[in-house]
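Here is what each chain is made of, one letter per residue.
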Amino acid sequence: DNSIDENIIGNSMTVNNVKRAIFIDRDGVLNVDKGYISQIDDFEFIDGVIDALQKFKEKGYLLVLITNQSGIARGYFTEEQFHRLTEWMDWSLADRGVNLDGIYYCPHHAEQGSGKYKVECDCRKPKPGMLLEA
């Protein structure tokens, strides 16, 4: 059963004029987690996730993607490759009626990174940097 519990999703979009948002991760939530994904051919949406996202949008929720992408820091792929894949993913969702309201990512890793990406940052989950920026 792919239905979403109506108790989880309220009927009202705003509380005191504050919009409700759902913050979602990418790997293992939107797509099958196959490791450090950087190519469109390796990206596979999890069964039922697009239907669930459509229902959230129908209920008036904002959908915001927040994702750690330490593969950039580790040198497995570039930010440009990440942007290309993300653009494709965003368009694929939009084609199915799901428009993301924000996309935030952290390219850093404190121990495994290199160059400008090897830093202790505030944006890498579980720290709240991406949530605060959104």
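Residues numbered from 1 in each chain as written. Predicted model: local features only at pLDDT ≥ 70, side-chain atom pairs only at ≥ 80, totals over all residues. Heavy atoms only, no water.

The protein chain is annotated in an unreviewed UniProt entry as D,D-heptose 1,7-bisphosphate phosphatase from Hirondellea gigas. For the record of the protein chain, the UniProt heading Cofactor (unreviewed entry) holds the text "Mg(2+)". Comment text from UniProt for the protein chain, heading Subunit (unreviewed entry), reads "Monomer." (UniProt positions renumbered as here; feature names shortened; annotations may be inferred.)

S.K.: Which residues make up the sheet that holds strand β3 (residues 21-24), and what values do they have?
M.R.: Read from one edge to the other, the open sheet built from three strands follows the order β3-β4-β5, with strand pairing classed as parallel. A strand with exactly one partner marks an edge of an open sheet, and here the two such strands are β3 and β5 (102-106). The sheet shows a mean angle of 20° between the axes of neighbouring strands, direction not considered. Pairing analysis gives five bridges linking strand β4 (residues 62-68) to β5, with the strands arranged parallel. (Pairing = 2+ DSSP bridges. Helix = DSSP H or I, 4+ residues; strand = E, 2+ residues; numbered from the N terminus. Axes fitted to C-alpha atoms, helices over the stretch in contact; angles between N-to-C directions.)

S.K.: Describe the pattern of salt bridges, and please don't skip the residues or the numbers.
M.R.: Taken as a whole and assessed by the stated rule, the structure comprises six salt bridges. Note that Glu-44 and Lys-34 form a salt bridge whose closest N and O atoms lie 3.2 Å from each other. Taken as a pair, Glu-44 in the loop between β3 and α1 (49-58) and Lys-34 in the loop between β3 and α1 lie far apart in primary sequence, 10 residues in all. Overall, the relative accessible area of 39% leaves Glu-44 in the partly exposed class. Where Glu-120 meets Lys-127, a salt bridge forms, and the shortest distance between an N and an O atom there is 2.6 Å. (Salt bridge = Lys/Arg side-chain N within 4 Å of Asp/Glu carboxyl O. Buried < 20%, exposed > 50% of the residue type's maximum accessible area, 1.4 Å probe, protein only.)

S.K.: Any chance you could break down the environment of Ile-66 for me, citing the residues and the numbers?
M.R.: With respect to the helices, strands and loops of the structure, Ile-66 is situated in strand β4. In this structure, the C-alpha to C-alpha distance between Ile-66 and Met-130, residues 64 residues apart in sequence, is 6.5 Å. The residues contacting Ile-66, other than those within four sequence positions of it, are Phe-23, Ile-24, Asp-25, Arg-26, Tyr-104, Lys-125, Met-130 and Leu-131. (Contact = heavy atoms within 4.5 Å.)

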